[in-house]
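# Observations on the three-dimensional arrangement
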Amino acid sequence: MSKERILSGMRPTGMLHLGNLLGALDNWKKYQDQMECFFMVADWHALMSEYKNPKDLKKFTIECVKDWIAFGLDPEKSTIFIQSDVKEHLELAAIFGALTPIPWLERNPTYKEQLQELKDKDIFTYAFLGYPVLQAADILLYKATKVPVGNDQLPHLELTREIARRFNFLYKDVFPEPQPILTQMSRLMGLDNRKMSKSYGNMIALSETEEQIQTKVKTMVTDPARVRLKDPGHPDVCNVFAYHQIFNAKQVDEVRAWCEGATVGCTDCKAKVADQLVDLLKPAQEIRKELDSDEKKIEEILAAGAEKARKVAQKTIEEVKGLVGL
Ligand code: TRP
Ligand code: SF4
């Protein structure tokens, strides 16, 4: 195992979906055997946009951990924990807050974008502006060297590095400058061919039943040129075909032939890809069922994870507090 240390997190703002599986979980699972891993449910970060829905936060936090474990994160290999269980995140964020100039935060492109996009959320708040300061604390608290993230998070990682540099310059060389591991942007689109996202309602959740999956896939838009069975289609403009490419790779040539040759209809084509999704999710859903009937198990995993995380976190905080004079 290399000396690299990974930290990554997800915000528990809804149920995990196929995009989270391809974009994050499948990769995280691999890193577990290569590096020391910390995986965190970022509930403080979720609170920053979801503070009007207090009932959902805890539920989504636990559901998120269940999916992580069902889909292959292993608490024996990785430290799996909830951000708010480790109070040191807030302490370090407050210290970083003291040395982070406001213009660094105001010019953050992700911040500007989200203010535009999440208009219904009332996120013109103190905490939301400081979102990347807390994220920097998440990462640097563990002195992580690698952070797997999607493109949209790159500005946050850049700010993390700037904060680390500023701290190291002002006091002492304490923090490594973490590097991103850019997760390949998945080609997976939502059911309506826009980005798969909790807020668009176009996702297939990892916990969905066979019936739900079949029903959802049926609603997908296909090549508009294929009105009747006898009309040949163009797989390359069809989102269902993209799903075949990702989830039914061994059959893509066949699917192309039946679409272009107008031998199989869209309804059957969709049912086939839905079958693949059901098969893909089934083994993890079995594990999930066991977890559902044993809430204690998750609690234990999270308690152990928090304890392991805290050990590292407390050491960093002690060192940092001394340096800043607290
Ligand atoms: N901001 C990240 C997201 O929305 C979640 C997150 C919080 C995170 N803290 C982190 C990701 C630390 C990586 C490292 O996806
Ligand atoms: Fe899309 Fe399949 Fe219909 Fe072709 S047959 S248009 S690939 S759903």
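Just so you know, these numbers come straight off a predicted model, no measurement behind them.

### Some words on unusual backbone geometry
In this structure, Asp 122 takes a positive phi of about 55° despite not being glycine. With respect to the helices and strands, the residue Asp 122 is situated in the loop between α6 (109-117) and α7 (126-129). With relative accessibility at 44%, the residue Asp 122 sits in the partly exposed group.

### Concerning the site of ligand 2
All residues adjacent to ligand 2 are Thr 222, Asp 223, Arg 226, Cys 238, Val 240, Phe 241, Cys 259, Cys 266 and Cys 269. With respect to the detected pockets, ligand 2 is housed in the largest cavity. Elements supplying a minimum of two residues to the shell around ligand 2: α11 (239-247) and α13 (266-292). Taken together, the residues of the shell around ligand 2 sort by class into 6 nonpolar, 1 polar and 2 charged.

### Structural notes on the domain arrangement of the protein chain
Examined at the domain level, the protein chain breaks down into domain 1 (5-188 + 296-324) and domain 2 (210-288). Once you take the C-alpha centre of each, domain 1 and domain 2 turn out to be 35 Å apart. In this assembly, 11 residues from domain 1 lie in contact with 10 residues from domain 2. On the surface where domain 1 and domain 2 come into contact, there are 2 salt bridges. As a salt-bridge pair, Arg 288 and Asp 67 come within 2.7 Å of each other at their nearest N and O atoms. When contributions to the side of domain 1 that touches domain 2 are tallied by element, the ones reaching two or more residues are α1 (18-31) and α3 (54-70). Considering each element in turn, the side of domain 1 that touches domain 2 owes the most residues, 4 residues, to α3. Taken together, the residues of the side of domain 1 that touches domain 2 break down into 7 nonpolar, no polar and 4 charged.

### With respect to a negative patch on the surface
Together, Glu 210, Glu 211, Asp 275 and Asp 279 make up a negatively charged patch on the protein surface. Of all the secondary structure elements, the ones that give two or more residues to the negative patch are α10 (210-218) and α13. Assignment of secondary structure puts Glu 211 in helix α10. For Glu 211, a relative accessible area of 54% corresponds to the exposed category.

### Notes on the site of ligand 1
Lining the immediate environment of ligand 1, one finds 14 residues, of which His 45, Tyr 131, Gln 135, Asp 138 and Gln 153 sit closest. In the model, a nitrogen atom of ligand 1 is placed 2.7 Å from a nitrogen or oxygen of the Tyr 131 side chain. Note that a nitrogen atom of ligand 1 is positioned 2.9 Å from one of the side-chain N or O atoms of Gln 135. Taking 370 Å² as the accessible area of ligand 1 by itself, protein coverage stands at 89%.

Parameters at a glance
Residues numbered from 1 in each chain as written. Chains lettered and ligands numbered in written order. Predicted model: local features only at pLDDT ≥ 70, side-chain atom pairs only at ≥ 80, totals over all residues. Heavy atoms only, no water. Helix = DSSP H or I, 4+ residues; strand = E, 2+ residues; numbered from the N terminus. Buried < 20%, exposed > 50% of the residue type's maximum accessible area, 1.4 Å probe, protein only. Near = heavy atom within 4 Å. 1 Å grid on protein atoms, 1.4 Å probe; cavity = no way out; pocket = protein on both sides within 12 Å on 5 of 7 lines; lining within 4 Å. Sits in = over half its atoms within 2 Å of the grid points. Nonpolar A, V, L, I, M, F, W, Y, C, P; charged D, E, K, R; others polar. Domains from an automatic or database assignment. Contact = heavy atoms within 4.5 Å. Salt bridge = Lys/Arg side-chain N within 4 Å of Asp/Glu carboxyl O. Patch = residues over 30% accessible without salt bridge, like charges linked within 9 Å, V, L, I, M, F, W, Y side chains within 5 Å. Areas by Shrake-Rupley, 256 points an atom, 1.4 Å probe, with all protein chains shown as cover. Lys, Arg positive; Asp, Glu negative; His and termini not counted. Charge placed at Lys NZ, Arg CZ, Asp CG, Glu CD. Polar contact = N/O pair within 3.5 Å; in protein donor to acceptor, adjacent residues only side chain to side chain.

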